[in-house]
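Single-letter residue listing:
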2 protein chains.
Amino acid sequence: MNSSGVMAAKRRRRPRGRTQIRDVARLAGVSAITVSRYINDPGKVAEDTRERIAAAIDKIGYIPNMVAKGLSSNRTNIVAAIIPTITNSIFAAEVSGLSDVLKENGHSLLISESGYSLEREAELIQTMIAQRPAGIVVTGQVHSERGAKLLRTVEAPVVETWEIGAEPIDMCVGFSNFDASYRMVTGLIEAGYRRIGLICAPITANDRAARRREGYLAAMGGAGLDIVPGWMRDAKFTFHEGARAMGELLDDHTELEAICCASDIFAIGGAMECQRRGVRIPEDIGICGFDDLELTRMFNPPLTTVHVPRYEIGEKSAAMLLARISSEKTVERKVDLGFEIVWRGSTHPPSSSR
Amino acid sequence: MNSSGVMAAKRRRRPRGRTQIRDVARLAGVSAITVSRYINDPGKVAEDTRERIAAAIDKIGYIPNMVAKGLSSNRTNIVAAIIPTITNSIFAAEVSGLSDVLKENGHSLLISESGYSLEREAELIQTMIAQRPAGIVVTGQVHSERGAKLLRTVEAPVVETWEIGAEPIDMCVGFSNFDASYRMVTGLIEAGYRRIGLICAPITANDRAARRREGYLAAMGGAGLDIVPGWMRDAKFTFHEGARAMGELLDDHTELEAICCASDIFAIGGAMECQRRGVRIPEDIGICGFDDLELTRMFNPPLTTVHVPRYEIGEKSAAMLLARISSEKTVERKVDLGFEIVWRGSTHPPSSSR
DNA sequence: AGTTGATATGATACCGGTAACATTGCTGGG
DNA sequence: CCCAGCAATGTTACCGGTATCATATCAACT
């Protein structure tokens with residue numbers, strides 16, 4: 001309490017919590033730096049020293065402090081990913097791909113959700129940069145001005161995912177949403193459909209949706225077909241919204257022969273709405289989706305859709321970041337993982353197929 | 001190039017990358033610690049100083065280094081969550097709840113997937129501890145010995161989620177999977193079903209599935225009904241597996257009147273298999289699920305299921321961790337967020353309802 | 001024998017913040 | 001007028017690792 005006239009003792013190390021590298025060093029009879037070497041590159045340490053250090057680590061249950069390591073070495077093992085929402089399973093699959101590859105390489109994954117808002121995204125980019133990540137993954141190639149500036153100036157490598165139309169800020173991985181949508185709709189036209197509706201996500205702050213919509217418009221226009229504003233509906237990413245949009249189209253536009261859904265979520269929700277109304281698929285109306293969720297294969301009838309490499313986008317993004325983290329040489333800047341139109345029973349097949 | 005006989009200059013600070021707090025301090029004409037105070041508690045700094053610092057931060061675009069902050073203050077703003085798989089949407093929803101609450105409170109979320117393996121989980125716990133998180137979220141109350149030991153000895157608060165049957169290591173949030181399953185099956189029995197099958201996930205390394213299975217067994221046994229091993233099937237968490245298991249039960253046990261599915265994934269996959277075979281729901285067979293995925297409401301007929309607070313589990317877990325992080329006093333240790341049996345058209349209703 | 005180079009290890013400063021304590025200036029009660 | 005007490009700010013050491021340079025040992029070569 002009172003120091004009773006004695007000078008306060010010189011401030012000493014106040015050990016906090018976990019054991020540290022110095023404890024291991026003392027126990028093994030070596031210096032801290034030798035333990036550090038053992039952990040980061042055991043080959044630099046003599047065989048018998050290795051054994052003593054291993055025994056010491058095991059004995060006191062030492063777990064390295066990545067925070068201290070990050071500060072002193074000026075590099076963390078954290079990769080930051082910003083996705084619109086984790087509840088959309090295409091992003092969950094992407095995250096799974098990221099996670100699997102990063103884990104194998106000793107990296108950790110920091111996740112945050114922008115909720116399809118570019119302002120939110122910019123804030124999150126800043127928050128992420130504060131953690132000094134080794135790499136950053138963002139969704140799409142459209143960002144707010146502030147977000148883009150941060151991404152351009154950050155030291156860590158950056159991957160933009162799910163769209164490869166524009167020049168990337170650093171690197172990008174995905175496929176052409178325009179091409180995929182264009183080819184899907186062109187296929188529908190080849191299959192004999194003429195009056196084709198569209199259910200698409202709001203295109204603000206979502207360049208993937210915007211490109212898919214453009215693909216639809218280009219295919220329709222290119223084939224000389226009518227583009228009718230009333231045939232196009234916005235929907236948020238829920239089955240219910242897909243059903244609602246489908247219901248509206250069925251109510252207001254009985255002339256429609258097929259509905260192109262820019263997400264399987266809409267296609268499944270919409271198809272269930274059709275079932276509910278006794279509208280037969282594909283006899284009364286054709287339906288196609290986008291993403292190839294597992295459910296589309298299970299549905300009755302199975303849904304025509306676009307298979308997209310969602311898990312692979314995560315895998316490849318992680319791999320590219322790791323390549324750049326380990327060696328500074330630039331690898332690929334733009335990676336097209338492609339897509340595949342999958343014709344199933346929910347539409348008539350295009351003449352060219354089968 | 002060559003030092004031409006001159007002594008090497010004393011090693012100096014080598015500025016690395018981003019601007020730092022000292023740059024802001026210099027520009028604002030104050031010391032680093034004052035900037036630190038401004039950032040962490042602006043009230044401690046005089047008004048005019050605040051303005052100068054704010055201007056300086058804005059001018060040079062300073063972004064704090066959370067790695068350095070974490071080391072010097074001995075606390076990070078990272079929360080680590082370990083879930084079985086992010087592709088199961090119940091965990092995606094939980095993560096969303098975690099993320100939303102943590103984000104609001106300036107914390108970041110580190111995610112990793114154990115793939116339903118306790119050994120993997122233990123490894124991940126260790127990896128996470130290395131990051132010195134401010135809090136840890138794990139799934140279930142069953143862990144490997146090593147995992148449990150790490151969780152018991154870690155300094156950070158720990159929340160076990162999705163099951164509250166056992167005493168928590170530190171805190172737990174969820175509901176009783178046993179009770180939920182028991183009440184669901186009891187409801188089926190009240191509805192008149194006697195020969196009830198079960199499709200359940202493998203119960204190894206998954207206490208939630210194990211409790212659900214026990215609930216089924218207890219309800220059947222308690223009602224004096226036959227428990228037939230052939231009526232119970234394992235399935236992994238895919239729609240396809242649900243369909244497969246359902247198909248087997250339909251093939252081998254035509255006597256079954258209802259199938260209790262321990263996950264909506266099985267229920268939906270199974271129900272689609274029934275549709276495919278022309279087996280009518282609920283006329284020919286009753287089906288109930290578990291989790292109340294959005295799709296169960298959209299299905300034709302809508303599926304009877306157990307509503308579980310998946311988003312809320314994330315929210316509440318985050319809130320409890322934050323409470324503990326900000327003040328050391330213990331808050332609730334065991335939080336029951338409940339569940340609700342939702343009777344829909346895929347089963348006959350129990351006599352007691354409606 | 002002296003030199004060279006490779007191998008193994010250590011001493012020290014430093015990463016970019018903050019905790020703890022010190023200092024300064026000012027206000028107001030005795 | 002003196003000093004306690006508060007407000008605002010500064011000084012210094014330290015967090016737990018690693019980068020950098022230094023040192024020690026020993027084999028091989030000239």
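Basis of the calculations
Residues numbered from 1 in each chain as written. Chains lettered and ligands numbered in written order. Predicted model: local features only at pLDDT ≥ 70, side-chain atom pairs only at ≥ 80, totals over all residues. Heavy atoms only, no water. Least-squares fit on C-alpha atoms with pLDDT ≥ 70 in both. Contact = heavy atoms within 4.5 Å. Buried < 20%, exposed > 50% of the residue type's maximum accessible area, 1.4 Å probe, protein only. Helix = DSSP H or I, 4+ residues; strand = E, 2+ residues; numbered from the N terminus. Pairing = 2+ DSSP bridges. Axes fitted to C-alpha atoms, helices over the stretch in contact; angles between N-to-C directions. Domains from an automatic or database assignment. Buried area = accessible area lost by both parts, 1.4 Å probe. Salt bridge = Lys/Arg side-chain N within 4 Å of Asp/Glu carboxyl O. Polar contact = N/O pair within 3.5 Å; in protein donor to acceptor, adjacent residues only side chain to side chain.

Give a detailed account of the relation of the copies chain A and chain B, specifying residues and quantitative values.
Screw-axis analysis of chain A against chain B gives a translation of 0.0 Å along the axis, an RMSD of 0.1 Å, and a rotation angle of 180 degrees. Taken together, the rotation and translation describe the operation of a two-fold axis. The rotation axis passes nearest to the C-alpha of A:L110 in chain A, at a distance of 2.2 Å. The share of interface residues of chain A whose copies in chain B are also at the interface is 100%, consistent with both copies meeting through the same surface.

Tell me about the pairing of strand β2 (residues 108-113) of chain B, residues and numbers included.
Moving residue by residue along a regular strand, the side chains alternate between the two faces of the sheet. The buried count for β2(B) comes to six of six residues, which makes it a mostly enclosed element. The side-chain alternation of β2(B) yields two buried faces, one formed by B:S108, B:L110 and B:S112 and the other by B:L109, B:I111 and B:E113. Pairing of strand β2 (residues 108-113) of chain A with β2(B) involves three bridges; the strand directions are antiparallel. The residue bridging A:L109 from the neighbouring strand is B:I111, located in β2(B). Bridge analysis of strand β1 (residues 78-83) of chain B against β2(B) gives six bridges, and the strand direction is parallel. The residue of β2(B) that forms the bridge with B:I83 is B:E113.

Describe the sheet that holds strand β11 (residues 334-336) of chain A, with residues and values.
Pairing is mixed in the open sheet, where twelve strands are placed in the order β11(A)-β5(A)-β4(A)-β3(A)-β1(A)-β2(A)-β2(B)-β1(B)-β3(B)-β4(B)-β5(B)-β11(B). Edge positions in the sheet fall to β11 of chain A together with β11 (334-336) of chain B, since each of these pairs with one other strand and no more. Looking at each pair of strands side by side, their axes are set apart by 20 degrees on average, direction ignored.

I'd like a rundown of the domain arrangement of chain A, residues and numbers included.
Residues and elements named next belong to chain A. Segmenting chain A into domains produces domain 1 (19-60), domain 2 (74-175 + 310-337) and domain 3 (177-307). Using C-alpha coordinates to define each centre, domain 2 is positioned 29 Å away from domain 3. Counting residues at the interface gives 15 residues for domain 2, matched by 15 residues for domain 3. Summing the contributions of domain 2 and of domain 3, the shared interface buries around 1,200 Å²; its carbon and sulfur component is 54%. At the boundary of domain 2 with domain 3, the tally comes to zero salt bridges. There are six residue pairs in polar contact (both at pLDDT 80 or more) connecting domain 2 and domain 3. The biggest single contributor to the side of domain 2 that touches domain 3 is helix α5 (residues 89-104), with three residues.

Before we move on, could you go through the side chain of B:S108 and cite the residues and values that matter?
Relative to the elements of secondary structure, B:S108 occurs in strand β2. When residues no more than four places from it in sequence are discounted, the contact partners of B:S108 are A:L110, A:T127, A:Q131, B:N77, B:I78 and B:V79.

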